Amino acid sequence: MNDLTPPHTRGESVFVDDMPEPRLMLHAAVFASSIAHGKIKNLDIQKAEKCAGVVKVLTAKDIPGINQIGGIIQDEELLADEKVDFIGQPIAVIIAETKEQAKQALSSIKIDYEKLPAIFDPRVAAKKGLLIAHSRTFNLGDVDSVWDKCASIIKGRADSGGQEHLYLETQSSLALPGENGRIIIYSSTQSPSRVQNTIAQVLGCDMNAIEVDVKRLGGAFGGKEDQATPWAAFCALGVLYTGRPVKVVLDRQEDMQMTGKRHPYSTDYVLGLDKDGKILALSAEYYQNSGACADLSTSILERTLFHVTNSYYIPNVRVSAYPCKTNLVPFTAFRGFGAPQGMFVMECALSQAADETGIPVSVLQEKNLLKEGDQFPYGMKTENCHAKRSFSEVVQDSKYEELKRTIEDFNVKNRFIKKGISIMPICFGISFTTTFLNQAGALVHVYNDGSVSISTGAVEMGQGVNTKIKSIAARTLSIKLERIRIESTNTTRVANTSPTAASSGADLNGKAVEIACEIIIKRLKNVASEKLGNGIITIEDESVYQAGIKTEVTWEELIMLAYKKRVNLSAQALYATPGIYFDREKEKGEPFAYHVFGSAVTEVTVDCLRGTYTIDKVHVVHDAGKSLNELIDIGQVEGGLIQGIGWMTIEELIYDNGKLITDNLATYKVPDLRFTPKINVKFLEDADNPAAVLQSKGIGEPPFMYGIGAYFALKNAAQAFRKDKDWRYSAPLTHEKLLLYLHDMK
Amino acid sequence: MKFILNQKIIETNEPLGIPTLDFLRKIGIKGVKESCHEGDCGACMVLLGDLKDNTLVYKATTSCLLPLGEIAGKHLVTIEGLNQNGLNPIQQAFVDTGGTQCGFCTPGIIISLTGFFINSNLEKNDILTAIEGNICRCTGYASIIRATQLLSDHISVVKKSNKERIPTLIDADILPAYFSDISEQLKELKKVPKHNKGTYVAGGTDLFVQNKTLVDPVFLSEMDLSGVWSDKTHIYVGAMTDTESIRTSVELNSVLNIEKHLSKVSSLPIRQKATIGGNIVNASPIGDLTIYFLALDAEISLKFEDKNRIIKLKDFFKGYKMLDLKKGEILEWVRIRKEKKLFSFEKVAKRMHGDIASVNSALSLKLDNKIIREPHLSAGGIGPIPMYLEKTSIFLENKEISSDLIKGAAQITDKEISPIDDVRGSALYKRLLLRQLIYAHFIKLFPEFPELEGLL
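Residues numbered from 1 in each chain as written. Chains lettered and ligands numbered in written order. Predicted model: local features only at pLDDT ≥ 70, side-chain atom pairs only at ≥ 80, totals over all residues.

With respect to the domain arrangement of chain A
All names here are of chain A.
Then, number 1: In terms of domain boundaries, chain A breaks down into domain 1 (5-117 + 165-258), domain 2 (265-433 + 584-742) and domain 3 (439-576).
Then, number 2: Here the C-alpha centre of domain 2 lies 35 Å away from the C-alpha centre of domain 1.
Then, number 3: On the side of domain 2, 26 residues touch domain 1, which itself brings 25 residues to the contact.
Then, number 4: Split by residue class, the side of domain 1 that touches domain 2 holds 9 nonpolar, 10 polar and 6 charged. (Domains from an automatic or database assignment. Contact = placed C-beta atoms within 7 Å. Nonpolar A, V, L, I, M, F, W, Y, C, P; charged D, E, K, R; others polar.)

Given below as structure tokens:
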């Protein structure tokens, strides 16, 4: 059971906007750029300041510290000062007595721009040398020397679109004034310390003045890793100037206009294969549409490079990636963090290779799967590799060969309804690729009645990390779950937290909790030894055992005893993933603690008359290590899969001269209940993972990439209708793109 | 005005045109969540109970599109009003299956499912229909579907007749005991005073997307304008009849397969609210019901005081959002001839359920020994108004059916329409799609002519 479900189902779980509103609270509304690129000639806030209810209008000039929120590269102003680089860029913030008054006053701000030419296409930006940072190249073997040996060389282009996170809870933040310059922030963020650190810089104060508290998020998916920060900073500035609590909750349209999304990519690739379909070489250039500022783009770009070969071994690789600066909202983290974009390209190249060589794509895939000890382009070798195993199990469990025959038969008999099928293997590295981020802290208190309070750096956003942490603590302390409470994530209890991201929340924080609990257990065992005398002490099911025999000392008694002996019943611990490193000069290293493997078979039906489709069924065999909680992990696989399918099919961001026109739920369509296929998830057995807590594996991101299979199943079905036309590898494969492939307007 | 919120009578002087969602959150009812504020996500779902012929009827509805004035004299139920000691069976099912992750959408889904149990019209296999208007971004719905499967054990409760329904649901712990007194309490609540100057509100499912708040709403729901009835020659649909009532109308289903045709039109909570009159008068070029009734050669009655005039629906639209509607006139009803014709409705959107069409189209005709008679073709999304394709319809009249004829018709259509590039697709796509939908009408209606497959 997910620990959170009872309050969730009763509507009693408190999100930022649900907190009881403090007395005298003010509301903030954000005034943003309406042009994609230009100079601010004149910003006039005088009229807005006089509007009913307005208490303060904040502009760049009001920032006492540094007007800068760039986390990796300092290239993003909190409030635009002289220049704007994208539509939706914050320029001013109105703080008023009510939300309505704050919003009403927005139209009273007068601004004059001098427009500058804007660029939206990453390839155009690259050509002009407009990059967020330098490009990166990964090399393995010698690509140039093998082209001559290739029986076929596949050249192509692949494009994948951006994706809106559409967390149901929009960006929200509430700041309260405390004593002595303290500001307390309740933020819907994945990165409490990042919010704390940025606000301290913006305000020009020490980090210890800023307390950030996070109870839970109403979904995030990466969208609140970096992009939750500005809203919290506006509230903090508001507190500074008014001395009153300030809240901002974006409405849906504002959120979609002003916050970053998954990066669109455009890629050129060359794949070389021998006559049997063994891949000899991959060469590719990835143009990442980074948007106007760096945000997390450089790390995302790096992860794209880590995953260019997906689940395959390729002996010769040369791949370069370019973070291209355009005049769109800075794109940001989203489940998969650049890996899906890289893996999509790999599958495009294989699919095209199948079309050109006549070798079935599933044969090409299987032939090239990673095996134990194979090397990735970044130098690391596979360990406990389950690529072949998960592939063959999904082929077997889904009865792939039989299905394929049935589908071929069906397609012969039906004129305009065609079915399609695909296999999608995945391989995903777990760890932040920025090595120092792989650390987590935990603070465990045992109260003298035996109940336990746990604080960590992990943020609960629906992924069940609190439930997992609770079960790790219960197992380590050998007590009932009911005794344990997981506290909010708070920077005064756990400092310097890494974002809850990179599928590592439970891995890192769970391990820190395990260490802290072990420290307490060790102390308790000493207390028990002192009382009971010789014999090995163990604690099991809330009782003390001596030399394997149950004593009369219970957990509660042991705790009281320890308390009276003045033994420390609190422990703090830090976990730092051992053995990982990455050398960015050489572009080699062992950046990941381990890899996650898996495979999915996707079945679809295409209505070739109307250009519409259904995703019918997905069969997944996933490597979850030894799952910490199967109910939660199955939910992560299913949820990630559907998001991935959405990215590949119906979710389409459309811009009109840099303005997002799919900025609400009526125009940006995410999967609904009727869109969802039948899903069958199986976890690999005997896949214990020694590299993570209790033999488990991170699960947040990898299943997203099973969704890529939907694209190729649809292609498979569409090509059963016609194959005389070149396939354009462009995702999402909307009804529009599909119909325009299937038919020509003569 | 007064209404019952969960088990408490509330009296408020707040403006009647503000969204109920905003009002509820302002007074501290936080189980109702705001996410999209336009009826597309279901996070703000509430149950609205009203006495109809002395029977208490509840519907799940999105409180963001529900103006305060519409809840006067009614029973409004939020998740807070369903909570009892411990979890009820619906809540427990979500716990058991992991049907909630971040929890933001969950209260709305619990409300929708409660609506399913209260609502007598739904059959067992329709339990998913009850939650098709709820978006969840975390679970991928699989665990939610499993929760509904667990709940099917409780379905036997639903089979009880309407009058026994609430007591049986109280016995099954799905509803708290206070529901048994609501009926009596509602009888004593006074309805809101009527007024007649201001903006007319029909279902409000588009109006309140465009305007979050209306200063001067006039609720047409208080006029007697809903229902489906017929005389010897025609079937009439009152302007305030909601889409779900139209879809399930016995009268209409006797001549049309409308139940199936409209199943993909929006989601249940919106269908129960959106009216045919609103759809027509809103004059959206893509309104599903308008396109549907255009191809039925419908007529409409426009009423001013005691007089009315009857015109063809196709003559009502004069230009983008311009209508043949005189000041003070109200659309009273829509009527179609009471006869069986071959009829086809096609709709393609970005997402096939709960979405606005990229292009929709409808066709009615009779076939008299391979000769097409009385054809009426309509299409939406391809011009500034919901279009009756006059030239194509005339072209098809009295011709022998063949794939060449249909290809010719599609070419005429292509000259009749003027689609633009927009958020629902490029102009090229819309032209191609409409051609395909015209082909689809014929291929679907005439399986006995395999020759039509030559259209592909």
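So, the nonpolar core
General note: in soluble globular proteins, nonpolar side chains tend to be found buried as a group.
Residue and element names in this part refer to chain A.
Then, number 1: In terms of nonpolar packing, the biggest core is built from 367 residues, with Ala28, Ala92, Ile94, Ile185, Cys235, Ala236 and Leu714 touching the most fellow members.
Then, number 2: Among the elements that take part in this core, helix 15 (residues 505-532) stands out by supplying 11 residues, more than any other.
Then, number 3: Setting aside its immediate chain neighbours within four residues, isoleucine 94 contacts Ala28, Ala29, Phe31, Ala48, Val54, Val57, Ala102, Ala105 and Leu106. (Core = buried A, V, L, I, M, F, W, Y, C linked by C-beta atoms within 7 Å. Buried ≥ 20, exposed ≤ 12 C-beta atoms within 10 Å, placed from the backbone. Helix = DSSP H or I, 4+ residues; strand = E, 2+ residues; numbered from the N terminus.)

Remarks on the domain arrangement of chain B
The extent of an interface is frequently quoted as the accessible surface area lost upon association of the parts.
Residues and elements named next belong to chain B.
Then, number 1: You can read the domains of chain B as domain 1 (2-188) and domain 2 (223-455).
Then, number 2: Using C-alpha coordinates to define each centre, domain 1 is positioned 33 Å away from domain 2.
Then, number 3: At the interface, 13 residues of domain 1 touch 9 residues of domain 2.
Then, number 4: Residue assignment for the side of domain 1 that touches domain 2 shows that the elements contributing at least two residues are strand 4 (55-62) and helix 4 (127-130).
Then, number 5: If one sorts the elements of the side of domain 1 that touches domain 2 by residue count, strand 4 sits on top with 4 residues.
Then, number 6: The class makeup of the residues in the side of domain 1 that touches domain 2 is 4 nonpolar, 7 polar and 2 charged.

A closer look at the sheet that holds strand 4 (residues 83-84) of chain A
All names here are of chain A.
Then, number 1: Spatially, 4-2-6 is the arrangement adopted by the 3 strands of the open sheet, whose pairing is antiparallel. Only two strands of the sheet have a single partner each, and these edge strands are strand 4 and strand 6 (110-115).
Then, number 2: Here strand 2 (residues 38-44) runs beside strand 6; their pairing, made up of 6 bridges, is antiparallel. Note that in strand 6 the partner of isoleucine 40 across the bridge is tyrosine 113. (Pairing = 2+ DSSP bridges.)

Re helix 2 (residues 89-97) of chain B
Then, number 1: For helix 2 of chain B, the complete set of buried residues consists of B:Ile90, B:Gln91, B:Ala93, B:Phe94, B:Val95 and B:Thr97.
Then, number 2: B:Gly98 sits one or two residues past helix 2 of chain B and shows a positive phi near 70°.

Describing the interface of chain B and chain A
Then, number 1: Counting residues at the interface gives 60 residues for chain B and 60 residues for chain A.
Then, number 2: Elements supplying a minimum of two residues to the side of chain B that touches chain A: helix 2, helix 3 (106-118), helix 5 (142-151) and helix 18 (427-445) of chain B.
Then, number 3: With 10 residues, the top contributor of residues to the side of chain B that touches chain A is helix 18 of chain B.
Then, number 4: Tallied by class, residues from the side of chain B that touches chain A come to 31 nonpolar, 18 polar and 11 charged.

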